[in-house]
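Structural features, examined
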Amino acid sequence: MFDTENFQQQVISWQQSHGRNQLPWQQSTGELADAAYRVLVSELMLQQTQVATVIPYFQRWLEAFPDINTLASADEDEVMRLWQGLGYYARARNLHKAAKYLAELPEFPASLAELLQVPGVGRYTAGAIMSFAFDQYGPIVDGNVRRLYCRYFAIAGVPHSTALEKQLWQKAHQLTPTSQSRRFSQGLLDLGATVCKARQPLCEQCPLAADCQALLQNRVSDFPNAKAKKAVPSKAGSFLWISQGDAILLQKRPSPGIWGALWCLPQVADDSPLLAGAKLHGEFSHQFTHYKLNAQIWQISAEQYDVNLRQAAPEIWAKPTELAMLGLPAPLKIYLGAKLQP
Ligand code: SF4
């Protein structure tokens, strides 16, 4: 019979001696609301993003928005500017929405059910806040935990399928302790990130090696099952370069949507009459999760733009010195940086 307590103890002891305990979001003022806010911000930043990349963003964020109320009352442009470069901008909008929701509450929600009501908070983030901020029962399954459980229990299944996710979350609910949940959950993440790594796991250093089913069966590389590779499609995108003196016209992207709420060159349909006779100004490519964008930038005059179809989105004339203050998509920022250099 599986010894749950032994498993918990192995993870907890290993975390104590080998885990990561100095991450900036682990250092709070000691107030529960502060700890919960730090975990909320860091967990949203860490989705799809490495710890090392997140650390400077997290530090800048906490300087600008030290608590829920500051973030809730912040201007959307400022929020998007500070997120600029981290990608997956829906996370920034969700975090802003979550702060507005939380600022209306008398205190930070402290149960899984209440946390799941917060906009943008799914069961992983809810479990992470319960564990890391409150040190209470908070089951988590993320990429690191998924890989570790799949190997340790030799669980096969189509990656991210409902059946596999259900099985993994059941494990998480069964294995998460009601005390020392913080150390246990952190231990799982740390083990997944530093020992049970996606490539070349360090099984000889793993505290779980004695009972790891994948290792015992000599099938570590079989788990988790590989994703079926899909060809990533490409899409074209036509953008307008319209300048006046040294200022460039930027338009706010609709939200939600790709680059939602960020400032961008106006985008038009690839067969827009505006492009007839327009001069190609330049090109850039950007890889999104589901497709590759091949952007072409077409130069037209402000007069041409005025007499033709103009969208209702907010627009500004931005000078090169003002660009740093605006939230821009990362590839556009690079493009503008190269083109607007004196
Ligand atoms: S023994 Fe190896 S495969 Fe098994 S959990 Fe540890 S690092 Fe992962």
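The structure presented is a predicted model; accordingly, all values stated were derived computationally and were not measured. (Residues numbered from 1 in each chain as written. Predicted model: local features only at pLDDT ≥ 70, side-chain atom pairs only at ≥ 80, totals over all residues.)

Pairing in this open sheet of four strands is mixed, and the strands run S5-S1-S7-S6 from one edge to the other. The outermost strands of the open sheet, each flanked by one partner alone, are strand S5 (267-268) and strand S6 (279-287). Inspection of the sheet shows strand S1 (residues 234-241) paired to strand S7 (residues 292-299) by eight bridges, in the parallel sense. The partner of Gly237 across the bridge, within S7, is Ala295. (Pairing = 2+ DSSP bridges. Helix = DSSP H or I, 4+ residues; strand = E, 2+ residues; numbered from the N terminus.)

We now examine the domain arrangement of the protein chain. Here the protein chain is partitioned into domain 1 (4-140 + 176-194) and domain 2 (234-339). On a C-alpha basis, the centres of domain 1 and domain 2 stand 34 Å from each other. Tallying the contact residues gives eleven residues for domain 1 and eleven residues for domain 2. Of all the elements, helix H5 (residues 76-83) adds the most residues to the side of domain 1 that touches domain 2, at five residues. Among the residues making up the side of domain 1 that touches domain 2, the classes are represented as four nonpolar, three polar and four charged. (Domains from an automatic or database assignment. Contact = placed C-beta atoms within 7 Å. Nonpolar A, V, L, I, M, F, W, Y, C, P; charged D, E, K, R; others polar.)

Secondary-structure assignment places Leu40 in helix H2 (residues 32-46). With 55 residues separating them along the chain, Leu40 and Leu95 place their C-alpha atoms 8.0 Å apart. With sequence-adjacent residues up to four places away left out, Leu40 is seen in contact with Ala98, Thr125 and Ile129.

At a minimum axis distance of 7 Å, the contact between helix H8 (residues 123-133) and helix H11 (residues 181-194) shows a crossing angle of 120°. With respect to their mutual orientation, H8 and H11 come out oblique. On the side of H8, the interface is formed by Ala128, Ser131 and Phe132, while H11 contributes Ser181, Arg182, Ser185 and Gln186. Taken together, the residues that form the contact of H8 with H11 break down as two nonpolar, four polar and one charged. (Axes fitted to C-alpha atoms, helices over the stretch in contact; angles between N-to-C directions. Parallel < 35°, antiparallel > 145°, perpendicular 65-115°, else oblique.)

The next point concerns the site of the ligand. By nearness alone, 14 residues border the ligand, and Arg151, Cys196, Cys203, Cys206 and Cys212 come closest of all. Those elements giving two or more residues to the shell around the ligand turn out to be helix H9 (143-152) and helix H12 (213-216). It is H9 that contributes the most residues to the shell around the ligand, three residues altogether. Along the lines of polarity and charge, the residues of the shell around the ligand split into 13 nonpolar, no polar and one charged. (Near = placed C-beta within 6 Å.)

Time to look at the packing of H2 against helix H3 (residues 51-64). One can describe the packing of H2 onto H3 by two numbers: an axis separation of 10 Å at closest approach and a directional angle of 140°. Comparing their axes, H3 and H2 come out oblique. Once H2 is placed against H3, the crossing between them reads as right-handed. On the side of H2, the interface is formed by Val41, Ser42, Met45 and Leu46, while H3 contributes Val51, Val54, Tyr57, Phe58 and Trp61. (Left-handed = near helix turned anticlockwise from the far one by under 90°.)

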